[in-house]
Amino acid sequence: MSKGRKGHQAEANAYVPLPVRDGVAPSYLWITETRAGGMLRFLAERFPDVPEAAWARRLARGEIVDAKGAALAADSPVRQGMRIWYYRELEQAETPIPFRERVLFQDEHLLVADKPHFLPTIPTGRFLHETLLVRLKKQYDLPHLVPIHRLDRETAGVVIFSHNPASRGAYQSMFQKRVVNKVYEALAGPIEGRAFPFTYRSRMQDAEQFFVSEEVPGEPNSETLIELIERRGDVAHYRLHPHTGRKHQLRLHLSALGAPILNDAFYPVALPCKGDDFSAPLQLLARSIAFEDPLSGQPRRFESGFRLDWPPGCRT
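Labelled according to an unreviewed UniProt entry, the protein appears under the name Pseudouridine synthase, originating from Massilia varians.

J.: Explain the UniProt feature "domain: Pseudouridine synthase RsuA/RluA-like" (unreviewed entry) in the protein here, please?
T.: The residues that UniProt annotates with the feature "domain: Pseudouridine synthase RsuA/RluA-like" (unreviewed entry) are residues 109-256. Here residues 109-256 runs as 20% helix and 37% strand, with 39 Å between its end C-alpha atoms.

J.: Whenever I open this one, the side chain of serine 222 confuses me. Can you help?
T.: Checked against the element boundaries, serine 222 lands in strand E11 (residues 222-232). For serine 222, a relative accessible area of 2% gives the class buried. Of the polar contacts made by the side chain of serine 222, one reaches the backbone oxygen of serine 202; its length is 2.7 Å. Within the structure, serine 222 has its side chain in polar contact with the side chain of histidine 253 (distance 2.9 Å).

J.: Mind showing me how you'd approach the packing of aromatic side chains here?
T.: The geometry of two aromatic rings is summed up by the distance between their centres and the angle between their planes. For the structure on display, the rule yields twelve aromatic pairs. Judged by centre distance (5.0 Å) and plane angle (85°), the ring pair of phenylalanine 118 and phenylalanine 278 falls under edge-to-face. One end of the pair, phenylalanine 118, is in the loop between strand E5 (110-115) and helix H3 (132-140); the other, phenylalanine 278, is in the loop between helix H5 (249-256) and strand E13 (284-292), and 160 residues separate them in sequence. Exposure remark for phenylalanine 278: the relative accessible area of 28% places this residue in the partly exposed category. Note on phenylalanine 196 and phenylalanine 198: the rings are 5.4 Å apart at their centroids and 55° apart in plane angle, and the pair reads as tilted. Judged by its relative accessible area of 29%, phenylalanine 196 falls in the partly exposed class. For phenylalanine 198, a relative accessible area of 8% puts it in the buried group.

J.: Before we go on, may I ask you to explain H3 in this structure?
T.: The α-helix winds at 3.6 residues per turn, so residues separated by three or four positions along the chain end up facing the same way. Turning to H3, its buried residues number three or more, namely Leu132, Leu133, Val134, Arg135, Leu136 and Lys137. In the core, the buried residues of H3 are packed alongside strand E4 (102-106), E5, strand E6 (146-147) and strand E7 (156-162). Phi turns positive one or two residues past the end of H3, at aspartate 141, with a value near 55°.

J.: Would you mind showing me how to read the side chain of histidine 117 here?
T.: Mapping histidine 117 onto the fold places it in the loop between E5 and H3. Relative accessible area serves as the criterion here: at 12%, histidine 117 is assigned to the buried category. Reaching out from histidine 117, the side chain makes a polar contact with the backbone oxygen of leucine 282 at a distance of 2.8 Å. Within polar-contact distance, the side chain of histidine 117 engages the backbone oxygen of leucine 284 at 3.4 Å. Excluding residues within four positions of it along the chain, histidine 117 makes contact with Ile97, Phe99, Arg153, Glu154, Thr155, Ala156, Pro281, Leu282 and Leu284.

J.: How do you make sense of the packing of helix H1 (residues 39-46) against helix H2 (residues 52-60) when you look at a structure like this?
T.: Helix-helix packing: each pair is described by the crossing angle between the helix axes and the interaxial distance. Between H1 and H2, the least distance of the axes is 9 Å, while the angle of their chain directions is 135°. Between H1 and H2, the crossing angle belongs to the class labelled oblique. Relative to H2, H1 is oriented so that their crossing is right-handed. Of H2, the residues touching H1 (which contributes Met39, Leu40, Leu43 and Ala44) are Glu52, Trp55, Ala56 and Leu59. Looking at the contact of H1 with H2 residue by residue, the class counts come to seven nonpolar, no polar and one charged.

J.: Honestly, the pairing of strand E10 (residues 213-216) in this entry has me stumped. Any pointers?
T.: Along a regular strand, successive side chains alternate from one face of the sheet to the other. For strand E9 (residues 198-206) and E10, the ladder comprises four bridges, and the chain directions are antiparallel. When the sheet's bridge partners are listed, aspartate 206 is paired in E10 with serine 213.

What counts, and where the lines are drawn
Residues numbered from 1 in each chain as written. Predicted model: local features only at pLDDT ≥ 70, side-chain atom pairs only at ≥ 80, totals over all residues. Heavy atoms only, no water. UniProt positions renumbered as here; feature names shortened; annotations may be inferred. Helix = DSSP H or I, 4+ residues; strand = E, 2+ residues; numbered from the N terminus. Buried < 20%, exposed > 50% of the residue type's maximum accessible area, 1.4 Å probe, protein only. Polar contact = N/O pair within 3.5 Å; in protein donor to acceptor, adjacent residues only side chain to side chain. Phe/Tyr/Trp six-rings, centres within 6.5 Å; stacked < 30°, edge-to-face > 60°. Contact = heavy atoms within 4.5 Å. Axes fitted to C-alpha atoms, helices over the stretch in contact; angles between N-to-C directions. Parallel < 35°, antiparallel > 145°, perpendicular 65-115°, else oblique. Left-handed = near helix turned anticlockwise from the far one by under 90°. Nonpolar A, V, L, I, M, F, W, Y, C, P; charged D, E, K, R; others polar. Pairing = 2+ DSSP bridges.

Written out as structure tokens, the structure reads:
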């Protein structure tokens with residue numbers, strides 16, 4: 001069976017037959033082959049983690065539509081080239097994330113948020129309403145809100161959103177061209193035998209465990225400038241300048257240097273998932289983002305108000 005292409009949240013400058021609902025934009029799915037058995041059977045096979053009865057209820061409520069907005073039924077034909085729209089739903093209640101985001105800036109083009117630890121940037125996996133994107137859409141009534149870049153769920157700090165489709169491309173191109181200056185901070189073990197600042201390079205790729213990265217021999221494709229801010233005993237405070245944006249780059253680079261970030265459950269060893277420990281956030285912070293505004297030409301800089309938490313024995 002061809003699995004088709006699972007839709008991401010729809011771009012606001014294209015026709016979307018379903019409205020944003022409670023901060024959640026509809027998703028879409030391209031169907032790449034004609035199949036017998038009707039829409040209900042297709043959805044149940046395509047998404048085996050969702051009970052067939054749940055799809056039946058959504059179809060009965062008219063919440064799954066075609067590209068023109070016509071409601072689909074359980075026995076609607078499944079044809080190659082169709083695009084269907086639906087709302088992503090969770091079968092189990094979400095665990096509330098007990099930390100709040102802050103809005104640092106908003107104009108007619110951008111919204112800049114300060115994301116707390118543990119909060120996902122966008123809906124994914126077991127998180128839907130407890131995400132930065134959906135929270136902001138609800139609070140500020142911005143149906144076209146889209147993140148220009150993302151942070152790991154475990155990382156806190158500055159995230160830039162676009163809410164104006166007409167100017168979105170200009171801001172997206174900044175990140176594609178790497179003309180954005182991003183600065184992170186981390187608390188980690190001491191790095192011995194190095195003169196600061198120094199640049200660390202390595203070749204990174206996805207590991208067999210899909211959610212982590214690993215270093216392999218070969219030409220480097222990741223680069224981080226590392227500065228030492230201060231050291232207190234066995235903990236050091238680093239300023240990190242990623243010149244590339246590989247998945248988990250900063251976490252993997254510090255771990256490879258023998259200085260894993262405090263409370264990192266993925267590096268150097270991915271630990272079994274035991275749920276979030278809200279008392280022990282990953283000590284990694286996207287401190288600031290700076291760039292020349294592509295529309296006005298003016299310099300912009302946004303800085304997080306969050307702080308890293310030194311271990312009790314290292315606090316002053």
